[in-house]
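Breakdown of the fold
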Amino acid sequence: MPRTPLIAANWKMNSVPEGALAPDSSFRPQSGVDVLAFPAASDLRTCVEAGLTTGAQCGRPDDPATKGAHTGDMSMTMVRETGCQYVLCGHSERRRDHGETDAAIAAQVRAALAANLHPIVCIGETEEERNAGQTQEVIRRQIKAVLDILDAAASLQAASLTFAYEPRWAIGTGKTPTPTEIKETHAFIHDLLQGRQRDTRILYGGSLNEQNAEEILDIPGVDGGLVGGASLKPEEFRKIVEAAVRSKK
Ligand code: PGA
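What comes next is a walk through the structure.

Thresholds, definitions, all that
- Residues numbered from 1 in each chain as written.
- Predicted model: local features only at pLDDT ≥ 70, side-chain atom pairs only at ≥ 80, totals over all residues.
- Heavy atoms only, no water.
- 1 Å grid on protein atoms, 1.4 Å probe; cavity = no way out; pocket = protein on both sides within 12 Å on 5 of 7 lines; lining within 4 Å.
- Points joined across faces, edges and corners; volume = space filled by probe spheres on them.
- Helix = DSSP H or I, 4+ residues; strand = E, 2+ residues; numbered from the N terminus.
- Nonpolar A, V, L, I, M, F, W, Y, C, P; charged D, E, K, R; others polar.
- Pairing = 2+ DSSP bridges.
- Near = heavy atom within 4 Å.
- Polar contact = N/O pair within 3.5 Å; in protein donor to acceptor, adjacent residues only side chain to side chain.
- Sits in = over half its atoms within 2 Å of the grid points.
- Axes fitted to C-alpha atoms, helices over the stretch in contact; angles between N-to-C directions.
- Parallel < 35°, antiparallel > 145°, perpendicular 65-115°, else oblique.
- Left-handed = near helix turned anticlockwise from the far one by under 90°.
- Contact = heavy atoms within 4.5 Å.

1. Quick notes on empty space enclosed by the protein
Scanning the model with the defined rule gives one cavity of 30 Å³ or more in all. Lining the largest cavity are Gly90, Ser92, Arg95, Cys122, Ile123, Gly124, Gln142, Glu166 and Arg168. Put simply, the parts of the chain that give the lining of the largest cavity at least two residues each are α3 (92-98) and β5 (118-123). When the residues that make up the lining of the largest cavity are grouped by side-chain class, the tally is two nonpolar, four polar and three charged.

2. Topic: the sheet that holds strand β3 (residues 55-56)
Strand pairing in a sheet is mediated by backbone hydrogen bonds. Such pairs are either parallel or antiparallel. Overall, parallel pairing links the eight strands, which are arranged β2-β1-β8-β7-β6-β5-β4-β3 in an open sheet. If you trace the sheet from one side to the other, it starts and ends with β2 (34-38) and β3, each paired once. In this sheet, strand β7 (residues 201-205) lies alongside strand β6 (residues 162-165) in parallel orientation, the contact comprising four bridges. Residue pairing for β7: tyrosine 165 is matched across the bridge by tyrosine 204.

3. Things to note about the layout of surface pockets
Roughly 630 Å³ of volume is contained in the largest pocket. As for the largest pocket, its lining consists of 26 residues, of which Ala41, Gln57, Cys58, Arg94 and His98 are closest to the centre. Sorting the residues of the lining of the largest pocket by element identifies α3 and α4 (102-114) as the ones contributing at least two each. Looking at the lining of the largest pocket, the element that brings in the most residues is α3, giving five residues. Classifying every residue of the lining of the largest pocket gives 11 nonpolar, seven polar and eight charged. As a volume, the second largest pocket reaches approximately 220 Å³. Forming the walls of the second largest pocket are 18 residues, and the residues nearest its centre are Ser207, Leu208, Gly228, Gly229 and Ala230. Taken together, the residues of the lining of the second largest pocket break down into five nonpolar, nine polar and four charged.

4. Quick notes on the site of the ligand
Near the ligand, the surroundings consist of 13 residues, among which Lys12, His91, Glu166, Gly172 and Ser207 are the closest. Here an oxygen atom of the ligand and a side-chain polar atom of histidine 91 are 2.7 Å apart. Here an oxygen atom of the ligand and a backbone polar atom of glycine 172 are 2.7 Å apart. The cavity that encloses the ligand is the second largest pocket.

5. A short note on the packing of α4 against helix α6 (residues 135-151)
It is the contact of α4 with α6, at a shortest axis distance of 9 Å, that shows an interaxial angle of 40 degrees. Regarding the angle of α4 to α6, the classification is oblique. For the pair α4 and α6, the sense of crossing is right-handed. Two secondary-structure elements touch here, α4 through Asp102, Ala106, Ala107, Val109, Arg110 and Leu113 and α6 through Arg141, Gln142, Ala145, Val146, Ile149 and Leu150.

Have a look at this one:
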């Protein structure tokens, strides 16, 4: 059974693109594909109220009910209270800018699930790791950190989550792995997750655009995409969403 594709717009530290909240916006829920928007924290409520399926770009890793002296942070409970349904965990820009570790990211996933949010966990190797032939080793380590923390809590073993394979060297660079490399890596990830009670989708992210969407989203094992730069251009994003709908037909 093919999984319904999921296309997520990661607007990063940018305003909501013009027209994104309009009635005919391609960022709205539609049939044949799950479409999500990840706006900056300041725009979460606006997007929820406009009817977009919305996620936060991050949330705190500790107990979701934690409050108090954590300037600048939002607990997963607060994320949920804005009306968000999703949260990104471990985007490579958070790993880079905020030193988020595998352990902290795994804890974010646990906190997200406890707060009734669906986590999209970003994984992927740096260019250096790729050149050293360590892609699979890095991915195995990143996924293991998450699965270990879920396995430690009986209530989370059947939790549903999503992974996004985002090679760090492909983010915002216009470079992508070859279709064969994407296929092999996604097969590797699906294998790592096999046997678990999760209908886990694996998205591809990193320079996904209107030119390459058709080919990448057609690759077996690619269940959708996490789109950065191209999601700031609504017409380009629309074409990526349309390619996703066609890909599973
Ligand atoms: P990009 O970003 O599409 O601009 O490469 C993807 C991401 O960071 O999620």
